[in-house]
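A closer look at the structure
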Amino acid sequence: MFKFLSSDPIHDPLAPPLPAARTEVKCTTCYMCACRCGIRVHLRQGENGPEVRYIDGNPAHPINQGVICAKGSSGIMKQVSPARLTQPLLRKKGSERGAGEFEPISWDLAFEMLTERLQKIRSTDPKKFALFTGRDQMQALTGLFARQFGTPNYAAHGGFCSVNMAAGMIYTIGGSFWEFGGPDLDHARLFVMIGTAEDHHSNPMKIALSKFKRAGGRFISINPVRTGYSAIADEWIPIKPGTDGALFMALLHELIASDLVDRPFLQRYTNAPQLVVLEDGEREGLFAFDPAAGPPGDGRNPHNKLVWDLASGSVKAAYPEGIAEGCEPALEGQYRLADGTRVAPSFELLRERVATCTPEWASQITGIPAERIRKLARELGETALQQAFELPIPWTDAWGKQHPTTSARPVAFHAMRGLAAHSNGFQTVRALAVLMSVLGTIDAPGGFRHKAPYPRHIVPNYRAFNSPEMIQPNTPLNAAPLGFPASPDELAINPDGSPIRIDHAFSWEHPLSAHGLMHNVISNATKGDPYRIDTLLIFMANMAWNSTMNTMAVREMLNAKADDGEFKIPFLVVCDAFQSEMVAFADLVLPDTTYLERHDVMSMLDRPISEFDGPVDSVRVPVLPPTGQCKPFQEVLIELASRLKFPAFTTAEGGRKFTGYPDFVVRFEPQPGIGFLMGWRGENGEKHLRGAPNPKQWEMYEKNNCVFQYHLPKDMQYMRNWNRGYLDFAKEHGWRQRNDPVQLALYSDTLQSFRLAALGKTPGRQPPEHLRERIATYFDPLPFWYPPLEYAATDEAAYPLNAITQRPMAMYHSWDSQNAWLRQIHSHNYLQVNPLTAQAAGIADGGWCWVESQWGKVRCMLRYSEAVEPGTVWTWNAIGKADGAWQLAPGADESRKGFLLNHLISEELPLAGSPDGVARTISNSDPITGQAGWYDVRVRIRPADPEEPEETFPQVKATPAPPGVRGTTSRVLTYFAGRKTS
């Protein structure tokens, strides 16, 4: 038997190898982070069935090419985690939420309870059911379930992750960083990474960076902290958190002033030359149009717009006349239409906007010297334009012009949550996208490249549900719960202007909240704002700990009761594979499987793993049987959908349409020939991309490394916003609804349509009076920088430091702090502080300190680090744990030394500027998208008293282990070099 704290070796290195007949290798897709690498799982037949011996990368997989990280190779420890839930649980009658007192029940009873409860809700008021999911990768299924149920109250994790990145770029260039696009380091010569930690696309990024550096590329990192990728940067430029937008505006100032912009690219492929109305009135700030050509151009139909032709001195239609041979669309100046209307190209308005955004102005905000900003602008412009080259790849654009070569712009950017997780993040990301556009880097070799199914239309043709009269008993919604609004007419609001959704997404508070506001659900549901819900189903989201702001207050909300003694959230269902902090608050616990025990799809309908050269989708297949009574959440949804008789899941006679999730994936078609998986379609698997369902599709994927990759012809691989071949191909295969070109939106008439409503200049929907100024201020059609909203409610002199978190390379969310191997890398975290800052506060390296915001305080240990700018403090996130959770031993480092900065962050802020004087609060989020402002909090630090306990604060009461949890046993260590622990 394995003995803890023993000096005995845990294995015999001289033991003979295992017989080959007793080992087996199965391929699947990793889920230790969101990278989704291909892995090989090495199995050995044990006493009770197959058991994992080790996991390595799959060399035949296009994403990671055999590379694997610490997380991926540690999947074995997730599989045998002591925190594994193994059976459904029901909270004991009379016990308090959070006490963790449960009794085991059968799946039959769990399904009966859920079916009865959900059927009652669906047949009376469907919106009283809310489904919110964490870091899942099957939103095409979960979103379909919510739509079929008839509830608008659905969202995934994006609202507290990186919706600013997704929405900011999609509304500007039609695609975004991460799954939908990224830096082309194979052709770049300069790479600038901003606000990116190690958890996104980590293995592919490491592979690409290695090749880039070896080829002589120059790598600049702009980040408050120098960790991870930044450690190998040629230059680190420290910046104050939340100020990146000011830097981008100053770079635009310098590039435009120096004429280091790609003028032909701007004239042909963007709305830079399109004329904007300058006259006051209903059309102010919108694009001029030709009435004879139809209705005015807008976010849904953008092409009826005008340019000023310098060659003829006249107005022309933007397309196709405005790009015809001999036409010279103006980018600067002011002009008059035939009726006397004053107009200007949108690029002229951008030039005027950045005129005062000098490097000196930005230096005061960012902390970066003005001369360094000037030098960076020169580097960007000269590399993009003066080191440009041509690839011998001919292509034809959307208007029929044949281009004999493809022009490279060898400047690549990458950015993620560091830009997104601020309440000014949408406009910051817009500024970056505009910066990339003026350099001509969009979908050009060496720049930013799209990944199928992107680019999308601007605005994407996915309208979120917005018809309150369509919320009817036993009726699916007429649109998906999530989408991309193009005007105030598409907001999810009631006739009185109040939000339809419990999280206030797509309301006047956060109009373009494409991913919903998961961080608002619990507080809004507790307050009954805008109404009470009955049942909240949370999947894989630790809302009682690290996935929520104001953690201690949210835990109280989960247990809050109304005057009648009933919970304010009457029924809380939690589905998870592990005993997270959230499980203790559930009324019903549904035990999920691990990624090694289930089927999954990384689908083109959702979040595929496409590469630059073509679409890629992949699957997970079970390599092990489910542990105990665990069921995949996908199977739970299929079962519930069948029992509730959703139309998409039942036959005309009312019977089940699908036998389970694998059958659903194969046979479900949102449009003819298009399914969840694009490989090996057709009756015999002879078709790809589009074709009839193939009953053996799963088998084909399993035989092919669980991945399908389609390589586009070279002439479709670049300039896809305007590439005729690609646009037609994408429409034919269901990736786009239309095949018209995607003009880059340097100037956003979509944003201006909201501003005009707020200013009372347009008929139709109007925001509430207390939100007019907010909409008019932040819905600027041109990017601009403003301080994070929390600053207006903060005494910055009293709280002089910015506080941020990062995700460590060896851990992902809270999943991995209970991983026996990864805990040896990070068992707890420190507050990382520049020595000058810490010494000024009188705190020793390794000493205990207090970190205080206006919202709360945390006691923790501090470490000196010169890899952080002096005005910032930071820590790894999600390592700190509540005592008793995750089956960690009493007094474990994670609960006694680990901590969360979440305790310092508020989920709400006072709403400034209410004209009626009524005090109101609003989500601590970006006013445009609802992105949670995780990185906006301001803090101060001071030393802890020597007499104080040397443990982190706050602490919570330990919860008992729930019935059926695996618990700490010798089985955790399974196999070591062929020897099994007894």
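Residues numbered from 1 in each chain as written. Predicted model: local features only at pLDDT ≥ 70, side-chain atom pairs only at ≥ 80, totals over all residues. Heavy atoms only, no water.

Here's the deal with the nonpolar core
- Membership of the largest hydrophobic core comes to 218 residues, with the highest contact counts inside it found for Phe413, Val438 and Phe664.
- Look past the residues within four positions of Phe413 in its chain and what remains in contact with it is Phe177, Pro183, Phe191, Val192, Ile194, Leu380, Leu432, Leu435, Met436 and Leu439.
- If you look at the next biggest cluster of nonpolar residues, it comprises 32 residues, including Phe180, Ala757, Tyr778 and Phe784. (Core = buried A, V, L, I, M, F, W, Y, C linked by side-chain atoms within 4.5 Å. Buried < 20%, exposed > 50% of the residue type's maximum accessible area, 1.4 Å probe, protein only. Contact = heavy atoms within 4.5 Å.)

Points about the side chain of Arg555
- Here Arg555 shows up in helix 15 (residues 551-558).
- No salt bridge forms around the buried Arg555; measuring N to O, its nearest opposite-charge neighbour Glu581 is 6.3 Å away.
- Separated by 3.1 Å, the side chain of Arg555 and the backbone oxygen of Ala544 make a polar contact.
- With sequence-adjacent residues up to four places away left out, Arg555 is seen in contact with Ala544, Trp545, Glu581, Phe585 and Val956. (Helix = DSSP H or I, 4+ residues; strand = E, 2+ residues; numbered from the N terminus. Lys, Arg positive; Asp, Glu negative; His and termini not counted. Salt bridge = Lys/Arg side-chain N within 4 Å of Asp/Glu carboxyl O. Polar contact = N/O pair within 3.5 Å; in protein donor to acceptor, adjacent residues only side chain to side chain.)

A look at the pattern of salt bridges
- Counting across every chain of the model gives 59 salt bridges.
- A salt bridge links Arg449 to Asp184, with the shortest nitrogen-to-oxygen separation between them at 3.7 Å. Of this pair, Arg449 sits in strand 22 (residues 448-450) while Asp184 sits in the loop between strand 8 (181-183) and strand 9 (190-194), and the two are 265 residues apart along the sequence. Neither Arg449 nor Asp184 differs from the other in exposure class; each is buried.
- Here Lys316 and Asp309 are joined by a salt bridge, their closest N and O atoms 3.2 Å apart.

Points about the confidence of the model for the chain
- With 96% of its residues at a pLDDT of at least 70, the chain reaches an overall mean of 94.
- Between residues 969-982, whose pLDDT stays under 50, and residues either more than four places distant or in other chains, the model counts 36 contacts. (pLDDT = per-residue confidence, 0-100.)

Quick word on the environment of Ile237
- Along the chain, the position of Ile237 falls in strand 11 (residues 235-237).
- Separated by 132 residues in sequence, Ile237 and Pro369 have C-alpha atoms that sit 9.8 Å apart.
- When neighbours within four sequence positions are excluded, Ile237 is seen to be in contact with Ile220, Ser221, Ile222, Asn223, Ile368 and Arg372.

Regarding the pairing of strand 36 (residues 938-943)
- Across two bridges, strand 29 (residues 801-806) lies against strand 36 in antiparallel orientation. Opposite Leu801, over in strand 36, you have Val939 as the bridge partner.
- Inspection of the sheet shows strand 31 (residues 848-852) paired to strand 36 by four bridges, in the antiparallel sense. Of the residues in strand 36, the one forming a bridge with Val851 is Ile941. (Pairing = 2+ DSSP bridges.)

Considerations on the environment of Ser221
- By secondary structure assignment, the location of Ser221 is in strand 10 (residues 218-222).
- By relative accessible area, Ser221 is classed as buried at 1%.
- In this structure the C-alpha to C-alpha distance between Ser221 and Ala167, which are 54 residues apart in sequence, comes to 23 Å.
- Contacts of Ser221, omitting those with residues within four sequence positions, involve Met193, Ser230, Ala233, Glu235, Trp236 and Ile237.

Details of the sheet that holds strand 5 (residues 102-104)
- Spatially, seven strands are ordered 5-4-25-24-23-6-7 in an open sheet, and the strand pairing comes out mixed. At either end of the open sheet lies a strand with only one pairing partner, and these are strand 5 and strand 7 (154-155).
- Direction of pairing for strand 4 (residues 89-91) relative to strand 5: antiparallel, over a ladder of three bridges. What sits directly across from Leu90, in strand 5, is Glu103.
- Here helix 3 (residues 107-122) sits on the sheet in contact with strand 4, strand 6 (129-133), strand 23 (535-539), strand 24 (571-576) and strand 25 (588-591), set at roughly 120° to strand 25. (Axes fitted to C-alpha atoms, helices over the stretch in contact; angles between N-to-C directions.)

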